[in-house]
Amino acid sequence: MKYLLQDIRFGLRLLSKNRTMTAITILAMALGIGASSSMFSLVNNIFLRPLPFKEPDRLAKLTETNPRLMIDQSEVTGPDFLEWRAQSRLFEHLAAVQLIGFSLQGINEPEQLSGAKVSPDFFKVLGVQPILGRGFLPEEEQLAASRVLVLSEQLWKRRFDSDPNVIGRAVTVSGESFTVVGVMPSEPLYPPGAEIWSPLLLDEEVTANRDHHYLHVYGRLRAGVEMTQAQAEMSTIAARLEQQYPVTNGGVGVNIFPLRDEVVGSSSFDVLVLFSAALAVLLISCASLGNLLLARAATREKEMTIRAALGGTRTRLVRQLLTESLLLAAIGGSLGLLLAFFGTDLFKTVLPWHVSTVIKVSVDRQVLAFTALVSVVTGVIFGLVPAMRASSLDLSGSLKEVRGVSASGFGLLRRNGRSLLVVSELALALVLLIAAGLLLKSFLTLREVEPGFEAKNVLSMGIYLPFSKYPEANQITNFFEQALRNIQAQPGVESAAVISTLPLGGVNHTTRFKVEGREEATGQGYEASLHRISVDYFKTMGIPVKAGRAFTESDIKSFPAVVISEETARRFWPGQDPVGKRVKPVLVGMPELPWITIIGVVGDVRHWGLDAPLQPEAYALFEHSSRPLMSVVVRTRTEPMGLLPAVSGRIHELDKDLPVQRPKTMERLLSDSVAQPRQYTVLIGTFAAVGLLLAALGIYGVMSYLVTQRTHEIGIRMALGARRGNVIKLVMGQGAMLAAAGVGIGLVGAFVLSRFMRNLLYGVDNLDPATFVVIPAVLAGVMMAACYLPARRATKIDPMTALRQD
């Protein structure tokens, strides 16, 4: 212990003397360990730890499939769910969920809440026990007994002040009176974000329609039952239903998969890519650290020789040098852990909202253990090699030996493996840089995509009219018409309109159409997203009319008309003018509708997202088919959010209990639609920048080492008349060989990686020539700059001083 304390004190003194090299070394370790520890926190929580539910391996998601219609997954019909629940023997509990919004009224300001209607076994499936009251009873899925609610703990605390007497209290939700029967813990619950639940009605009247796919179904397997067994049982049940109901269940199957697959989904690939990038940074950091420690050990060879001559054993010297390396690792690991706390919060932003809500990512004991392990292993491995090298000295020759190298200087690098470290970190840095370059170019291309509307000075918000208060279609129509008149009368408002599905929402419901004259030829007809809008919608959103005309007030009372998008015209009537053509919506379970005339063609709008392919779109006036949930869009003459209170006030003049949902400017909505690829690009770019910095430090370290090793040789060359340019060329030539080897190997690695990045890129070839030419050139330039500093220092060697070393 006494010697260990001596080694630590001596090591600290030495580290404090050479502060620049010490700071660079610690920085290299902190960046590598911080990045890898941050990403390990994501990997640990997403892949290694179970979901935060009771016995999560028994939880499954069930969806319907229909290969005939090329449907891999779809929601489940009410009748099918009831059949599954009645016939299945391998599930302990099955529950159906209908996601829905609720408006909480009568308690301070009205508020729109995310919630769900669920069957009685929903909380049993998740294994969640109430903290107050109870869950739902089997009889409460019938209409007569369904006026009950369960609150989340978060809502109970936020809107009910944690009132312990809330059970039995009557509250008004969506215009109807409900009784609170329970409070559930906010975590763990699934689907995430729900704050309020009511019973799902599954009586005969509600479940009569076997074509309505709207339920999410979850199940808890019985103990000891495998997913494959449950899949076989449900496939048998599906086949039985297909025979019993051939019209509605023809070709319909069942797919069962673990709940984890739905929670994590495609984000697992993103996390693995980021973790691979973080590991690359760690490897670059380790290689850079090894080079820096070797460069540092090279300057201490004479010290080690003297200490050995004075009786120091090799074990004693190795222990001293290893102690210094572990000190660096401890300091770098501690700083890396601090970076991990900040980095974890940053990296979580690449996860979809539902993933980060269910899976809580934090720096826990496993991350602390990982950081400590990486720090110790890094310190031992990359400290032991320089220590063994520095301690294995020839005493008879080391005190006066000229430590030169071969004429090329490259042979020494091959012998001690330093070239492999340098080339490896350059190659890894190039792979990261090219990946970042491709993602950056993809993101910039995505940002240049025209959304199809003018986002500036447009405010949007959602309005939901509860059925209990607005049961008739004309009531819904009258409300929105009056609301638009009130809003348009507000000073600062240029125009206002409503639409059933706001652009860039990522979700649209398609409607099947028949095209006049083609019914027999097409059989199944054509599909397009049908949006219900008001007359001024195109004007408010700045959507151009390409052919025909937009809607006018006269169209409200005349025979129904429709306006289509350019993509619809291209697909339905290629090379033709669609204006004047007629189509007929086909609605399952509804009487046949009349033919509708196309009166105009408007520009394409990215309803599904900027990165999604264009889809056929059609627009009809909402007055002809009202919807209780509509989005209001308002074009303003001033900053849109500044008019939000006035616009909301105009709506509350008509109904003070209606909450305004998700008010947001269209510019913000546009920015949010690319938030995830933007954050992904930033993170990969940050990894690449760190890798570039560490690679530059690494090659700087190796060239500094070479200059130190060849001091005597350089002195002789300069004494014999070599010019400064010759010396710079000599040193930088060696650096150029390393850079060329690193760039060559890195290009091969980047070529392989780019093939796996195709799904992450938009509008960019994964082998984009500009990226594969410019970035290697930039890397080579940075490496040459890192080589120039040691080369310039070499030209300042005094020949007489160098010769006296002999």
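Sequence order as written defines residue numbering, which begins from 1 separately in each chain. It should be noted that, the model being predicted, local features are given only for residues of pLDDT at least 70 and side-chain atom pairs only at 80 or more, the latter also being counted only at that level, while totals for whole chains, interfaces and linings use all residues. Only hydrogens and water are removed before side-chain values are computed, so all heavy atoms of the structure are retained for them.

**Things to note about the overall build of the chain**
The helix and strand labels rest on DSSP assignments: H or I over at least four residues marks a helix, E over at least two residues marks a strand, and numbering proceeds from the N terminus. The secondary structure content of the chain amounts to 28 helices and 23 strands. Residues classed as buried in the chain amount to 53% of the 806 residues present. Contacts between residues were defined by any pair of non-hydrogen atoms, one from each residue, lying within 4.5 Å. Expressed as a percentage of contacts within the chain between residues at least 6 apart in sequence, the contacts between residues at least 24 apart total 82%. Accessible surface area values rest on a Shrake-Rupley calculation with a 1.4 Å probe, where residue burial reflects the displayed protein chains alone. For the chain, the accessible area works out to roughly 36100 Å², and carbon and sulfur atoms hold 58% of it. Throughout, exposure labels follow a simple rule: accessible area from a 1.4 Å probe, protein chains only, divided by the maximum for the residue type, with under 20% read as buried, over 50% as exposed, and the rest as partly exposed.

**Observations concerning the pairing of strand S4 (residues 91–105)**
In the sheet, S4 pairs with strand S11 (residues 213–221) via six bridges, with the strands oriented antiparallel. For His93, the partnering residue across the bridge sits in S11 and is Arg220. At least two DSSP bridges between two strands are needed for those strands to be called paired. Sheet topology places S4 next to strand S5 (residues 111–118); eight bridges connect them, and they run antiparallel. When the bridges of S5 are listed, Leu104 appears paired with Glu111. In this structure, the hairpin formed by S4 and S5 is closed by a connection of five residues, where Gly106 is found at a positive phi of approximately 85°. Two elements, S4 and strand S8 (residues 170–173), share two bridges in a ladder whose sense is antiparallel. Paired with Leu104 across the bridge in S8 is Val173.

**Here's the deal with the pattern of salt bridges**
We define a salt bridge as a contact between a side-chain nitrogen of Lys or Arg and a carboxyl oxygen of Asp or Glu at a distance within 4 Å. Under the criterion given, the structure shown has 25 salt bridges. Residues Asp768 and Lys441 are paired through a salt bridge, measuring 3.0 Å at the closest nitrogen-oxygen approach. In this pair, Asp768 is assigned in the loop between helix H26 (724–756) and helix H27 (769–794) and Lys441 in helix H16 (residues 418–447), connecting sequence segments 327 residues apart. On the basis of relative accessible area, Lys441 is assigned to the partly exposed category, the value being 33%. Residue Asp604 pairs with Arg570 through a salt bridge whose shortest N-O separation is 2.7 Å. Highlighted residues: Asp604 in the loop between strand S20 (596–602) and strand S21 (617–621) and Arg570 in helix H21 (residues 566–572), separated in sequence by 34 residues. Asp604 gets classed as buried once you look at its relative accessible area, which sits at 15%. Three or more residues joined by partner-sharing salt bridges are found here, namely Glu111, Arg158, Arg159 and Glu195.

**Some points on the environment of Arg512**
Here Arg512 lies in strand S15 (residues 510–515). The class for Arg512 is partly exposed, based on a relative accessible area of 33%. The sequence separation of Arg512 and Lys584 amounts to 72 residues, and the corresponding C-alpha distance is 8.5 Å.

**Overview of the nonpolar core**
As used in this record, nonpolar core signifies buried Ala, Val, Leu, Ile, Met, Phe, Trp, Tyr and Cys residues forming a set joined through side-chain atoms within 4.5 Å. Counting residues in each nonpolar core, the largest one holds 103 residues, and the members touching the most others are Met39, Trp197, Ile359, Ile684, Phe687, Ile699 and Met783. Those residues within four positions of Trp197 in sequence are excluded, and the remaining contacts are Ala116, Val118, Phe122, Phe123, Phe136, Val148, Leu149, Val150, Leu151, Ser152, Met184 and Leu189. Ranked by size, the runner-up nonpolar core spans 30 residues in total, among them Ala497, Met541, Ala561 and Tyr619.

**Some words on the environment of Phe53**
With respect to the secondary-structure elements, Phe53 resides in the loop between helix H2 (19–48) and strand S1 (59–66). Looking at Phe53, the relative accessible area reads 7%, which means it is buried. Taking the C-alpha atoms as reference points, Phe53 and Pro188, separated by 135 residues in sequence, lie 6.2 Å from one another.

**Here we look at the packing of aromatic side chains**
Note on aromatic pairs: the rings of Phe, Tyr and Trp (six-membered ring only in Trp) are paired at centre separations within 6.5 Å, and the planes decide the class, stacked below 30 degrees, edge-to-face beyond 60, tilted for the rest. Inspection of every chain in the model, using the stated rule, returns twelve aromatic pairs. Each ring, one from Phe123 and one from Phe136, has its centre 6.0 Å from the other, and the planes form 45°; the classification is tilted. Taken together, the positions of Phe123 in helix H4 (residues 122–126) and Phe136 in the loop between strand S6 (132–133) and strand S7 (148–152) put the pair 13 residues apart, joining distant regions of the chain. Phe136 shares its class with Phe123; the two are buried.

**As for the packing of helix H17 (residues 473–488) against helix H22 (residues 644–652)**
Contact geometry of H17 with H22 gives a least axis separation of 9 Å together with a crossing angle of 140°. The orientation of H17 relative to H22 falls into the category oblique. Here H17 runs over H22; the crossing is right-handed. On H22, the residues that touch Phe479, Asn486 and Ile487 of H17 are Val647, Arg650 and Ile651. Orientation is described by lines fitted to C-alpha atoms, with helices fitted over the stretch in contact, and by angles between N-to-C directions that extend from 0 to 180 degrees. We call two directions roughly parallel when the angle between them is under 35 degrees, roughly antiparallel when it is over 145, roughly perpendicular when it lies between 65 and 115, and oblique otherwise. A crossing counts as left-handed when the near helix is turned anticlockwise from the far one by less than a right angle, and as right-handed when that turn is clockwise.

**Looking at the packing of helix H3 (residues 78–87) against helix H6 (residues 227–244)**
Packing of H3 against H6 leaves a shortest axis separation of 11 Å and a crossing angle of 125°. It follows from the interaxial angle that H3 and H6 lie oblique. Read as a crossing pair, H3 and H6 show a hand that is right-handed. Facing H3, whose interface residues are Asp80, Glu83, Trp84 and Gln87, H6 presents Glu233, Met234, Ile237, Arg240 and Leu241. Along the lines of polarity and charge, the residues of the contact of H3 with H6 split into four nonpolar, one polar and four charged. Polar here means any residue outside two lists: the nonpolar Ala, Val, Leu, Ile, Met, Phe, Trp, Tyr, Cys and Pro, and the charged Asp, Glu, Lys and Arg; Gly therefore counts as polar.

**Notes on the pairing of strand S19 (residues 582–586)**
Bridge count for S15 against S19 is four bridges, and the pairing is antiparallel. Bridging from a neighbouring strand, Val515 pairs with Val583 of S19.

**Considerations on unusual backbone geometry**
The phi angle at Glu55 is positive, at roughly 45°, despite the residue not being glycine. Residue Glu55 is classed as partly exposed on the basis of its relative accessible area, which comes to 41%. Despite not being glycine, Ser162 has its phi angle at roughly 55°, a positive value. Within the secondary structure, Ser162 is located in the loop between helix H5 (153–160) and S8.

**Details of the confidence of the model for the chain**
With 83% of its residues at a pLDDT of 70 or more, the chain shows a mean pLDDT of 81. Across the chain, the element-wise mean pLDDT spans from 41 in helix H15 (residues 410–416) up to 95 in helix H19 (residues 537–541). The model gives residues 520–524 a pLDDT under 50, and that stretch makes two contacts with residues more than four places away or in other chains. A residue's pLDDT is the predictor's confidence in that residue, given on a scale from 0 to 100.

**As for a nonpolar patch on the surface**
Patch criteria: residues need more than 30% relative accessible area and no salt bridge. Like-charged residues are merged within 9 Å; nonpolar side chains of Val, Leu, Ile, Met, Phe, Trp and Tyr are merged within 5 Å. A contiguous nonpolar surface patch, about 610 Å² in accessible area, is contributed by Phe269, Val748, Phe751, Val752, Leu753, Phe756 and Leu767. For the nonpolar patch, the element with the highest residue contribution is H26, accounting for five residues. Structurally, Val748 is set in helix H26.

**Details of the side chain of Glu140**
Structurally, the position occupied by Glu140 is in the loop between S6 and S7. The definition of a polar contact used here is a pair of N or O atoms within 3.5 Å, where within protein one atom must be able to donate a hydrogen and the other to accept one, and adjacent residues in sequence count solely through side-chain atom pairs. Engagement of the side chain of Glu140 in a polar contact is seen with the side chain of Arg134, the distance being 2.8 Å.

**A closer look at the side chain of Asn486**
Along the chain, the position of Asn486 falls in helix H17. A relative accessible area of 12% means that Asn486 is categorised as buried.

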